[in-house]
Amino acid sequence: MRGIIIKSLDYKEKSKIVFIYTILGLKGYKVIGIKGKKNVVAGNLTTGNIIDFTYTDSQFPSLVEFDTIKSNLDCSNNFDTIDVLRVMVEVINYLPEDAPHKLMYQFIEDAFMNILNINPYKVLSIFLIKMLYPFGVSPNLKSCSKCGKKTDLIGFSIVDGGALCNNCCSGYNDLLKYWSIYYYSKDNILKLDDCNFKELLKEINKYYLINVHMNLKLHL
Ligand SMILES: [Zn+2]
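About the cut-offs
Residues numbered from 1 in each chain as written. Predicted model: local features only at pLDDT ≥ 70, side-chain atom pairs only at ≥ 80, totals over all residues. Heavy atoms only, no water. Domains from an automatic or database assignment. Contact = heavy atoms within 4.5 Å. Buried area = accessible area lost by both parts, 1.4 Å probe. Donors = N, O, S within 2.8 Å, 3.2 Å for Na, K, Ca; no water. Tetrahedral: all angles 85-135°; square planar, octahedral: opposite > 155°, others 65-115°. Core = buried A, V, L, I, M, F, W, Y, C linked by side-chain atoms within 4.5 Å. Buried < 20%, exposed > 50% of the residue type's maximum accessible area, 1.4 Å probe, protein only. Helix = DSSP H or I, 4+ residues; strand = E, 2+ residues; numbered from the N terminus.

Engineer: So what exactly am I meant to see when it comes to the domain arrangement of the chain here?
Structural biologist: Bring the parts together and some accessible area is lost; that lost area is often taken as the interface size. Per the domain assignment, the segments making up the chain are domain 1 (2-71) and domain 2 (74-139 + 158-212). Computed from C-alpha atoms alone, the centre-to-centre distance between domain 1 and domain 2 is 27 Å. In this complex, domain 1 contributes 17 residues to the contact, which on the side of domain 2 involves 16 residues. For the pair domain 1 and domain 2, the summed buried surface comes to about 1,400 Å²; carbon and sulfur atoms form 69% of the total. It is Y21, I23 and K70 in domain 1 that bury the most area against domain 2; as a group they hold 38% of the surface buried on that side.

Right, dumping it as structure tokens:
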């Protein structure tokens, strides 16, 4: 099974529970006798890492074996990347249990895979816009959120929940286009066009607060 390590908790005297996000959602796996070991094994079970693993077929499964596919440990000297990783992990932690994990898993893994390769703000922007879907939030991007007009959409309003037409919006806002591309496109993150990610993340930050009821506490 392939998965992303989201968090770990101490369990009993010498063990830990590692929470891994997979196509099955976020589940805890016991790792017996690992606590306090500052060895390679413990280091590879770090938040943000992608692993292949096997586990026991039991009510509360234990991790049997694992291989690290991608380590995001190297990001520890880059504050932006750490913050992006923190937000992505918090969002996954907060996903509804019945979200369509199987459908979303590959996209989420690609996001964690690319976090060190490209602008981390690009990964985060696209990740957050895509994750609105499992939260059951769909920004209205195809018609004006105030009057319903389907043409001349030129702006995005956080308060009104989506696009605004040229009659309802006082100024042109370039970011609407990117909300739409990132929300609907099925292309890999690497293939999607760039925009002003800091500005977009400011909108996304407010949008999450109002519509997902989640404070991302982004340091932009
Ligand atoms: Zn309008």
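Engineer: Would you explain the coordination of the zinc ion in this entry?
Structural biologist: Octahedral six-donor coordination of a metal ideally yields angles of 90 or 180 degrees, compared with 109.5 degrees for tetrahedral four-donor coordination. Protein-derived coordination of the zinc ion comes from C144 (SG), C147 (SG), C165 (SG) and C168 (SG), at a distance range of 2.2 to 2.4 Å. Around the zinc ion sit 4 donor atoms; with metal-centred angles ranging over 105 to 115°, the donor geometry is tetrahedral. One chain supplies every donor for the zinc ion, spaced along it as C-x2-C-x17-C-x2-C.

Engineer: Is there a simple way to explain the nonpolar core in this structure?
Structural biologist: In summary, soluble globular proteins display a tendency toward joint burial of nonpolar side chains. Core analysis: the largest hydrophobic core is formed by 54 residues, its most contacted members being V91, I108, F127, L128, W179 and Y208. Residue assignment for this core shows that the elements contributing at least two residues are strand 1 (2-11), helix 2 (79-94), helix 3 (101-114), helix 4 (120-130), helix 5 (176-184) and helix 6 (197-212). Each of domain 1 (2-71) and domain 2 (74-139 + 158-212) accounts for three or more of the residues forming this core. Non-local contacts of W179, meaning those with residues more than four positions away in its chain, are made with I129, L132, P139, L141, F156, L200, E203, I204 and Y207. Within the second largest apolar cluster, 10 residues are counted, among which are I5, V31, I34 and L45.

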